[in-house]
Protein chains: 2
Amino acid sequence: MMVRLAAVLLACLVAITVAVAQPADPLPSWKDGAAKSAIVDFVARVTTEGGRDFVPPAERIATFDNDGTLWTEQPFYFQLAFAFDRVKAMAPQHPDWKMRQPFKALLEKDTRALAASGEKGLLQIVAATHAGITTDAFAQSVRDWLASARHPRFNRPYDSLVYQPMLELLAYLRANGFKTFVVSGGGVEFMRPWMEKVYGIPPEQVVGSSGVVKFQIGPDGKPVLMKQAKVEFIDDGPGKPVGINRFIGRRPIFAFGNSDGDLQMLQWTAAGPGARFAGIVHHTDEVREYAYDRQSKVGKLDKALDAAAAGGWTVVDMKQDWKEIFPK
Amino acid sequence: MMVRLAAVLLACLVAITVAVAQPADPLPSWKDGAAKSAIVDFVARVTTEGGRDFVPPAERIATFDNDGTLWTEQPFYFQLAFAFDRVKAMAPQHPDWKMRQPFKALLEKDTRALAASGEKGLLQIVAATHAGITTDAFAQSVRDWLASARHPRFNRPYDSLVYQPMLELLAYLRANGFKTFVVSGGGVEFMRPWMEKVYGIPPEQVVGSSGVVKFQIGPDGKPVLMKQAKVEFIDDGPGKPVGINRFIGRRPIFAFGNSDGDLQMLQWTAAGPGARFAGIVHHTDEVREYAYDRQSKVGKLDKALDAAAAGGWTVVDMKQDWKEIFPK
């Protein structure tokens with residue numbers, strides 16, 4: 001009992017110290033300006049007890065797109081880089097791939113033939129690299145890849161190309177009683193193995209696209225979950241509010257995206273009753289990261305940019321609003 | 001600042017009082033015996049820092065079946081009672097139902113004709129009562145039903161027929177850092193509107209069967225999610241570990257069920273590394289609730305009872321192990 005009492009007293013001492021200390025800027029990588037003010041003002045409004053816009057903690061749901069919102073998505077989605085690297089790693093066990101498209105094109109770095117294989121070719125690559133494997137083994141393959149692969153331009157691990165200002169925003173929201181979720185078109189089994197460490201978002205708060213998974217009793221009598229070569233759910237566009245409804249079961253009061261694939265999530269969030277925050281990361285910084293919007297093949301931002309202007313959503317100008325892009 | 005400091009000091013005073021007070025029995029409705037000991041011992045093992053079986057809080061995932069595990073499921077699943085009541089309530093808007101099976105049989109209380117319509121008839125009833133409605137309106141219809149409907153035998157609201165010992169268990173696990181989830185064959189949209197209040201389990205921790213939902217912009221320009229008459233996912237049997245993987249993304253270390261529909265969830269939980277708890281509620285009390293197992297049409301417990309004996313799982317004998325069944 002004395003030990004427990006001492007622990008409580010120590011915890012109190014820490015709490016008092018924190019309470020007395022001057023509050024530091026919770027968003028140090030955000031320049032002062034409209035975007036930062038909009039975020040801070042919104043959080044103050046929904047967390048002020050007795051205020052008109054107060055939201056109980058249980059309902060402070062915040063959803064974030066991943067590709068282009070929390071980490072880089074250029075020159076192409078990182079999950080695709082993972083799939084390509086896996087084809088190369090798996091090629092020795094698949095000698096027929098030397099003669100079969102789209103694998104042949106990929107192994108020979110024949111980008112023209114690869115592009116010609118189109119969406120069908122892409123789905124074949126994803127099926128070959130994301131199926132016929134247990135969920136546990138697949139998660140390990142993702143962790144192994146992140147430990148060794150490097151981004152072609154920045155020569156850094158892919159999971160270090162996350163946006164420092166957004167990491168601060170996630171932590172700031174959580175410190176204010178929000179529950180933070182990822183709602184991404186990316187594969188859920190590709191995201192869960194690393195997001196807890198990198199974003200502080202546990203697996204059960206990661207919503208994404210998924211393939212069919214089958215429960216089987218393995219040859220050793222132990223149950224396994226086998227990934228099948230069949231798409232089950234695409235968590236993109238109108239699929240995002242559907243995914244939010246399915247996985248979270250509550251409408252967010254705060255959402256952030258960066259492309260037209262996030263439009264419906266932002267609409268769904270903004271249309272709820274009470275105070276709402278809808279934000280868009282606009283990629284405007286080709287020096288420190290990339291600049292793209294209406295014409296981009298990856299992360300096209302066109303309709304959602306118009307909707308942001310019409311709806312008074314917060315558009316973050318990466319070049320103007322962010323002091324830092326990546327963690328140092 | 002002074003107000004905040006005072007609040008911290010007050011919180012400390014409360015914490016010290018709690019620390020000094022004698023710990024009360026966290027499971028007062030459980031009789032002392034093997035089942036209670038197994039639960040308390042397991043929780044002590046996984047929460048003892050430095051111990052061989054210690055599990056970090058983030059990995060303390062506990063999953064519970066609902067029908068027959070957390071609330072009663074006799075004389076038939078409560079969601080079916082909801083569907084039947086909805087047919088009656090909707091009948092004035094559907095005059096053709098007077099001539100169409102299975103609706104005619106239901107409205108005329110012709111149980112023989114209703115039974116003859118079989119699973120196909122049941123699906124028609126579920127489709128008619130669970131689709132063509134927005135998710136928000138459906139949630140309201142569930143709340144309205146719970147506020148007025150009464151169980152035929154106990155003459156109490158359905159959401160008061162929850163098991164007091166299991167409510168204590170949920171709270172006990174959460175007090176020990178567990179995150180508690182429902183993983184049920186019931187419809188997720190039927191469960192979420194009331195489980196936070198009744199079980200302390202928020203919508204995002206409720207996994208269940210689901211129908212297809214579609215994002216639409218309504219005539220007023222506002223987005224809605226419309227429930228469609230198409231089954232999307234059955235969270236039962238082998239679907240339970242699949243649902244756990246999809247929604248939670250982590251293997252539970254603790255699971256409770258009561259029927260063969262929970263077998264694979266219990267197998268999946270028990271087969272993980274480290275300390276594991278698999279529990280079954282055995283309905284043995286026809287006086288205070290119901291007694292049924294291997295021969296029951298609802299909540300059949302046959303294979304899972306054998307698996308429990310073989311695997312050393314904890315089987316709760318409702319009559320022997322529980323002092324109380326329902327909250328007073």
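Here the structure is a predicted model, which is why all the values come from computation and not from measurement.

Topic: unusual backbone geometry
Peptide bonds are, in most cases, trans, and in most cases residues other than glycine have a negative phi.
And then number 1: The omega torsion of the bond from Gln101(A) to Pro102(A) falls at 0 degrees, within 30 degrees of zero and hence cis.
And then number 2: Turning to its location among the elements, Pro102(A) is positioned in the loop between helix H3 (78-90) and helix H4 (103-107).
And then number 3: In this model, Gln74(B) is joined to Pro75(B) through a cis peptide bond whose omega is 0 degrees.
And then number 4: Assignment of secondary structure puts Pro75(B) in the loop between strand S1 (61-64) and helix H3 (78-90).
And then number 5: At Asn155(B), a residue that is not glycine, the phi angle is positive and equals roughly 50 degrees.
And then number 6: Checked against the element boundaries, Asn155(B) lands in the loop between helix H7 (135-148) and helix H8 (164-175).
And then number 7: Of the residues examined, Asn155(B) reaches a relative accessible area of 57% and is grouped as exposed.

Looking at the sheet that holds strand S7 (residues 277-282) of chain B
The strands making up a sheet are joined through hydrogen bonds of the backbone, oriented either antiparallel or parallel.
All names here are of chain B.
And then number 1: In spatial order, the strands read S2-S5-S4-S3-S1-S6-S7-S8; together these eight strands make up an open sheet with mixed pairing. Every other strand in the sheet has two partners, leaving strand S2 (133-134) and strand S8 (314-317) as the edge strands with one partner each.
And then number 2: Of the pairings in the sheet, the one linking S7 to S8 comprises four bridges and is parallel in character. From the neighbouring strand, His-282 faces S8, where its bridge partner is Asp-317.
And then number 3: Here helix H9 (residues 188-199) sits on the sheet and contacts strand S3 (179-187), strand S4 (206-217) and strand S5 (223-233); the angle it forms with S4, its principal contact strand, is near 120 degrees.

Concerning the packing of aromatic side chains
And then number 1: By the definition in use, this model includes 51 aromatic pairs over all chains.
And then number 2: Centre to centre, the rings of Trp194(A) and Tyr199(A) are 5.4 Å apart; their planes meet at 65 degrees, and the pair counts as edge-to-face. Each member of the pair, Trp194(A) together with Tyr199(A), is buried.
And then number 3: With 6.0 Å between their ring centres and 45 degrees between their planes, Phe254(A) and Phe256(A) make a pair best called tilted.
And then number 4: You can call Phe254(A) buried: its relative accessible area is 0%.
And then number 5: In textbook terms, an aromatic cluster arises when at least three aromatic residues are bridged by ring pairs, as seen for Trp71(A), Phe78(A), Phe82(A), Phe138(A), Trp145(A), Tyr158(A), Phe190(A), Trp194(A) and Tyr199(A).
And then number 6: It is Arg153(B) that lies over the ring of Tyr290(B); its NZ or CZ is 4.8 Å from the centre.
And then number 7: The positively charged end of Arg251(B) is found above the aromatic ring belonging to Trp268(B), 3.6 Å away from the centroid.

Here we look at helix H7 (residues 135-148) of chain A
Residues and elements named next belong to chain A.
And then number 1: The terminal C-alpha atoms of H7, which comprises 14 residues, lie 20 Å apart, in line with the 20 Å expected from a rise of 1.5 Å per residue.
And then number 2: Among the residues of H7, Thr-135, Phe-138, Ala-139, Ser-141, Val-142, Trp-145 and Leu-146 are the ones counted as buried. The arc that holds the buried residues of H7, viewed along the axis, is 155 degrees, so those residues lie on one side. Facing away from the buried surface of H7 by more than 90 degrees, the exposed residues are Ala-147 and Ser-148.

Some remarks on the domain arrangement of chain A
Residue and element names in this part refer to chain A.
And then number 1: Each assigned domain of chain A is listed with its residue range as follows: domain 1 (25-75 + 158-321) and domain 2 (78-148).
And then number 2: Centre-to-centre, using C-alpha coordinates, domain 1 lies 27 Å away from domain 2.
And then number 3: Counting residues at the interface gives 20 residues for domain 1, matched by 17 residues for domain 2.
And then number 4: Taken over both partners, the interface formed by domain 1 and domain 2 buries close to 1,700 Å², and the fraction arising from carbon and sulfur atoms is 75%.
And then number 5: On the domain 1 side of the contact with domain 2, Tyr-158, Phe-190 and Lys-227 bury the most area, a combined 43% of that side's loss.
And then number 6: Across the domain 1-domain 2 interface, the total number found is zero salt bridges.
And then number 7: Seen at the junction of domain 1 and domain 2, the total is four residue pairs in polar contact (both at pLDDT 80 or more).
And then number 8: When residues of the side of domain 1 that touches domain 2 are traced back to their parent elements, those giving at least two are strand S3 (179-187), helix H9 (188-199) and strand S5 (223-233).
And then number 9: Broken down by element, the residue count for the side of domain 1 that touches domain 2 peaks at six residues, all from S5.

Description of the environment of Arg86(B)
Residue and element names in this part refer to chain B.
And then number 1: Along the chain, Arg-86 turns up in helix H3.
And then number 2: Under the relative-accessibility criterion, Arg-86 is labelled buried at 16%.
And then number 3: As a C-alpha pair, Arg-86 and Pro-23 span 63 residues in sequence and 46 Å in three-dimensional space.
And then number 4: With near-sequence residues (within four places) excluded, Arg-86 lies in contact with Thr-129, Ile-133 and Ser-141.

Describing the nonpolar core
Residue and element names in this part refer to chain B.
And then number 1: Counting residues in each nonpolar core, the largest one holds 55 residues, and the members touching the most others are Trp-30, Phe-64, Met-166, Leu-169, Tyr-199, Phe-254 and Phe-256.
And then number 2: Residue assignment for this core shows that the elements contributing at least two residues are helix H2 (34-47), S1, H3, H7, H8, H9, strand S6 (254-257) and S7.
And then number 3: Broken down by element, this core gets its largest block of residues, seven residues, from H9.
And then number 4: Both domains that furnish three or more residues to this core are identified here as domain 1 (23-74 + 153-321) and domain 2 (78-132).
And then number 5: Sequence-distant contacts of Trp-30, defined by excluding residues within four places in its chain, comprise Ala-35, Lys-36, Ile-39, Pro-165, Met-166, Glu-168, Leu-169, Phe-256, Val-316, Asp-321, Trp-322 and Lys-323.

Cut-off values and rules
- Residues numbered from 1 in each chain as written.
- Chains lettered and ligands numbered in written order.
- Predicted model: local features only at pLDDT ≥ 70, side-chain atom pairs only at ≥ 80, totals over all residues.
- Heavy atoms only, no water.
- Helix = DSSP H or I, 4+ residues; strand = E, 2+ residues; numbered from the N terminus.
- Buried < 20%, exposed > 50% of the residue type's maximum accessible area, 1.4 Å probe, protein only.
- Pairing = 2+ DSSP bridges.
- Contact = heavy atoms within 4.5 Å.
- Axes fitted to C-alpha atoms, helices over the stretch in contact; angles between N-to-C directions.
- Phe/Tyr/Trp six-rings, centres within 6.5 Å; stacked < 30°, edge-to-face > 60°.
- Lys NZ or Arg CZ within 6 Å of the ring centre and 35° of its normal.
- Expected span 1.5 Å × (residues − 1).
- Arc of directions from axis to C-beta.
- Domains from an automatic or database assignment.
- Buried area = accessible area lost by both parts, 1.4 Å probe.
- Salt bridge = Lys/Arg side-chain N within 4 Å of Asp/Glu carboxyl O.
- Polar contact = N/O pair within 3.5 Å; in protein donor to acceptor, adjacent residues only side chain to side chain.
- Core = buried A, V, L, I, M, F, W, Y, C linked by side-chain atoms within 4.5 Å.

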